[in-house]
Amino acid sequence: MLFFTFPVFSQVVKTPFPVTNLAWSKNDEFFAFTEENTVFLRSCSNYELSDTLGIKNIDKIMFSTEGKHQILLAITKDGYFSVWNIESAEDGFLKFNKEPYFKLDCKNESEIKAVTFSKNSDYVAVASDDNSIKLFFKLRFTKDAIFKELKGHDSEIYSLNFSKNENFLASTAKDGTAIIWDCNSQSEILKLSEIYTQTEIPVQFLADNSSIIAPENETSFCIYNLEGEKLLSIDTLHKIKGIKPLNKENKIAIVTENDEIELYDLSKEKWLGYIPSYDFSPLTDFEFNPDNSRILIGYESGSIFEFFVKDVLLSPGQKPPKKFRSAENYGGSNSGTGSSSRGSSSRGWGITNGTFKTRHGKYLCASLNLRSAPSPYNLSAGFSTGFLTYDLLPPFYTGICVSPYIGFPESNYPYKYTKNSTTLESPLLAGLDLCAPFGIFVMPFVNNEIGFSAEIFAGTGVCLLWNRNFGAESAASKPFISFNFGTKLGINWKYFSLNVAAQWNSVQKIMISTEFGANFKIGEKK
């Protein structure tokens, strides 16, 4: 059956411009990506474009929260920092407030070399060509900021990074020195030397806020504590293009020269595996969602892929599956700025079906069904209920289903039965089937929630004639044990499904059935 030849599936957004930044929302419901002058906001559930925001010369974006509100932090390469509210529109889409509720112009007469901001937007740091850093602290009530100048570097600073708890700032310079600054006291607490700088990979903080990761040479990195003690050194055996700490635990991801993403668990000093490249063009950015279960990967070609990490993380020596690379831009070449239009032809962006989405997790399914029955019965009606799991080998699923049914006799039923001197006319056919399905489910149109399934199943069953009474004398015949197998095709929309099946039963022979039902996910929403 041809549908068993699909590879691992994902979603992909295709744009006509290189992807420069990726960011997940804190509630895991939407994500943003950028090109040089525009921020695009999309839903995680159906990838539909919600809104765009024009910001020239974007350097970095990040989502954060202010109370219950989701906000977007953005800073430009020339030192313009802004904070934008995100609200729900009347049509159900999310939108940016078109004016930032906080903004800060960090530009001065010096040339800016590096910029960054802290997780909750309390701090903004700007490095200038005089090797100094201006550390701005946001005054929330006055919507203004004060700054302190930090001096300690003797060469050009090429990166700035805050710890997640906003207590520390790491600055890295081209002479191989990195300084850790205390944001509260604006003082230097640690200076590291001999940092490998040829790739300009920045010194960064791990999720524990007390450990620092730094490149050691072109293939290795090391971990320091805040006292400057080297705790760990790992040689990846690959040239390293980038390093990014994960959101939780002391795990990191590195990008190799082949644009593969390798994951390491530093607490266990263990290499977890790698995610292969899914595009011909260079990888430009990647971002994990808040719980590290999913990853967005952006490429210079404009492709953005989303995966469940467990589906694409390959073990050492494991070869990647065949990949689809047929994503195409549906819109023109104009990326546009500032408009909130949601039509692909006017925005120059589109969603491709070059790759597919599938279900993940465990589901309960229930359906009503009608199926043909052997003469002298017209048809049978019943319901099915079962358990399906997509976790073992997505996009394939397996499970178990049970289906009780009743068959209705023809009007000119040709047989008569006598039981305990009582004549029975037109008994019903009652039965119960138990089967194990194995199938595949895909959603090939990534901009909606239509899915298709195909499965084979096998099982056993029992049926008997029923005299329409309940109790010890309800059976009009002995039970007949049967074995069955068949195939099923279905179309799904959101929770609902419509299926057509053909099966062979050792007692009732060939039967055709149709069913309408619903699927309900068990546990956490993905």
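The preceding data block contains the structure.
Fair warning: this is a prediction, and the values are worked out from it, not measured in the lab. (Residues numbered from 1 in each chain as written. Predicted model: local features only at pLDDT ≥ 70, side-chain atom pairs only at ≥ 80, totals over all residues. Heavy atoms only, no water.)

### A word on the overall build of the protein chain
- Of the regular secondary structure elements, the protein chain holds 2 helices and 40 strands.
- At a minimum sequence separation of 6, the contacts of the protein chain that also span at least 24 residues come to 49%.
- Here the protein chain displays about 24300 Å² of accessible surface, and carbon together with sulfur accounts for 54% of that area. (Helix = DSSP H or I, 4+ residues; strand = E, 2+ residues; numbered from the N terminus. Contact = heavy atoms within 4.5 Å. Areas by Shrake-Rupley, 256 points an atom, 1.4 Å probe, with all protein chains shown as cover.)

### Remarks on the environment of Leu364
- Positionally, Leu364 belongs in strand E31 (residues 362–372).
- In this structure Leu364 comes out as partly exposed when scored by relative accessible area, which is 43%.
- Remark: the alpha-carbon pair of Leu364 and Gly386, spanning 22 residues in sequence, is separated by 5.8 Å.
- Setting aside chain neighbours within four positions, we find Leu364 in contact with Gly386, Phe387, Ala518, Asn519, Phe520 and Ile522. (Buried < 20%, exposed > 50% of the residue type's maximum accessible area, 1.4 Å probe, protein only.)

### Structural notes on the sheet that holds E31
- In space, the 8 strands of this closed barrel follow the order E31-E32-E33-E36-E37-E38-E39-E40, with antiparallel pairing throughout. The average undirected angle you get between the axes of adjacent strands in this sheet is 25°.
- In this structure, strand E39 (residues 496–505) lies alongside strand E40 (residues 509–522), joined through 10 bridges in antiparallel fashion. Directly across from Ser497, in E40, lies its bridge partner Gly517. (Pairing = 2+ DSSP bridges. Axes fitted to C-alpha atoms, helices over the stretch in contact; angles between N-to-C directions.)

### Describing unusual backbone geometry
- The residue after Ser375, namely Pro376, is reached through a cis peptide bond having omega 15°.
- Looking at where Pro376 falls in the secondary structure, it is placed in the loop between E31 and strand E32 (377–393).
- A positive phi angle, near 60°, is found at Asp259, a position not held by glycine.
- The phi dihedral of Glu269 is positive, around 50°, even though this residue is not glycine.
- Examined against the element boundaries, Glu269 turns out to sit in the loop between strand E25 (261–265) and strand E26 (270–275).
- Take Glu269: its relative accessible area is 58%, and that puts it in the exposed class.

### Some words on the sheet that holds strand E22 (residues 230–235)
- With antiparallel pairing, 4 strands are arranged side by side in an open sheet as E19-E20-E21-E22. Looking at which strands have only one partner, the edges of the open sheet turn out to be strand E19 (204–205) and E22.
- Examined bridge by bridge, E19 and strand E20 (residues 211–215) share 2 bridges and lie antiparallel to one another. If you follow Phe205 over to E20, its bridge partner there is Ile212.

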